[in-house]
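One letter stands for each residue in the lines below.
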Amino acid sequence: MKLLGITCLSTLMLMPSPGSTETLGEADIRRDIVGKTVYLSTPLGGELPLIFRSSGKVDGNGQAIGLGRYVKPSDTGQWWIDANRLCQKFQSWNKGKPMCFELERAGANTIKWTRDNGKTGVARIGN
């Protein structure tokens, strides 16, 4: 009886909780992100659209959120997947330095991202 109790408790501890998130792997990223527009939520409201093309090109346009006041409003770059992280490097954004993101599913069309520098945020996946 004691063994049955320990087995049940162990099984419950290994089951994901209803509020848990699923980290996206390479296949998930290719299926859910590539060929789509990802809308990053910005701290001041609004969304920054990033288009992840199947060619490995990424396009971003921050004109609608007034990004032009701070940096180049639109930019293009390259994306790739490294160790289950989505990486990107723009021509001028982030001073042209690469950045990688771990992605977690946070809803049907929502992801939570954690950048390699520890910053986090959410994004909506569009068409």
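Preceding this paragraph is the structure being described.
Residues numbered from 1 in each chain as written. Predicted model: local features only at pLDDT ≥ 70, side-chain atom pairs only at ≥ 80, totals over all residues. Heavy atoms only, no water.

Q: Residues and numbers for the pairing of strand β4 (residues 57-61), please.
A: Sheet analysis places strand β3 (residues 47-52) next to β4, joined by three bridges and oriented antiparallel. Within β4, the position partnered with Ile-51 by the bridge is Asp-59. Two successive antiparallel strands, β3 and β4, enclose a turn made up of four residues, where Gly-56 displays a positive phi of approximately 95 degrees. Bridge count between β4 and strand β5 (residues 74-82): five bridges; the pairing is antiparallel. Looking across to β5, one finds that Asn-61 is bridged to Ser-74. (Pairing = 2+ DSSP bridges. Helix = DSSP H or I, 4+ residues; strand = E, 2+ residues; numbered from the N terminus.)

Q: So what about the nonpolar core? Which residues, and what values?
A: In this structure, Ile-29, Ile-33, Phe-52, Trp-79, Leu-86, Leu-103 and Ile-111 are the most contacted members of the largest nonpolar core, which totals 21 residues. Counting only elements with at least two residues in this core, the list comes to β3, β5, β6 (85-90), β7 (99-107), β8 (110-115) and β9 (120-125). If we skip the residues at most four places from it in the chain, Ile-111 touches Leu-24, Ile-33, Val-38, Leu-103, Glu-104, Ala-106, Gly-121, Val-122, Ala-123 and Ile-125. (Core = buried A, V, L, I, M, F, W, Y, C linked by side-chain atoms within 4.5 Å. Buried < 20%, exposed > 50% of the residue type's maximum accessible area, 1.4 Å probe, protein only. Contact = heavy atoms within 4.5 Å.)

Q: Can you tell me about the packing of aromatic side chains, naming the residues and giving the values?
A: Counting across every chain of the model gives two aromatic pairs. Relative to Trp-93, the ring of Phe-90 has its centre 4.8 Å away and its plane inclined at 50 degrees; by these criteria the two rings are tilted. Comparing Phe-90 with Trp-93, the two get one shared label, buried. Summarising the aromatic geometry, the rings of Phe-101 and Trp-113 are spaced 5.5 Å apart at their centres and angled 90 degrees between planes, so their arrangement reads as edge-to-face. Here Phe-101 is found in strand β7, whereas its partner Trp-113 is found in strand β8, with twelve residues between them in sequence. (Phe/Tyr/Trp six-rings, centres within 6.5 Å; stacked < 30°, edge-to-face > 60°.)

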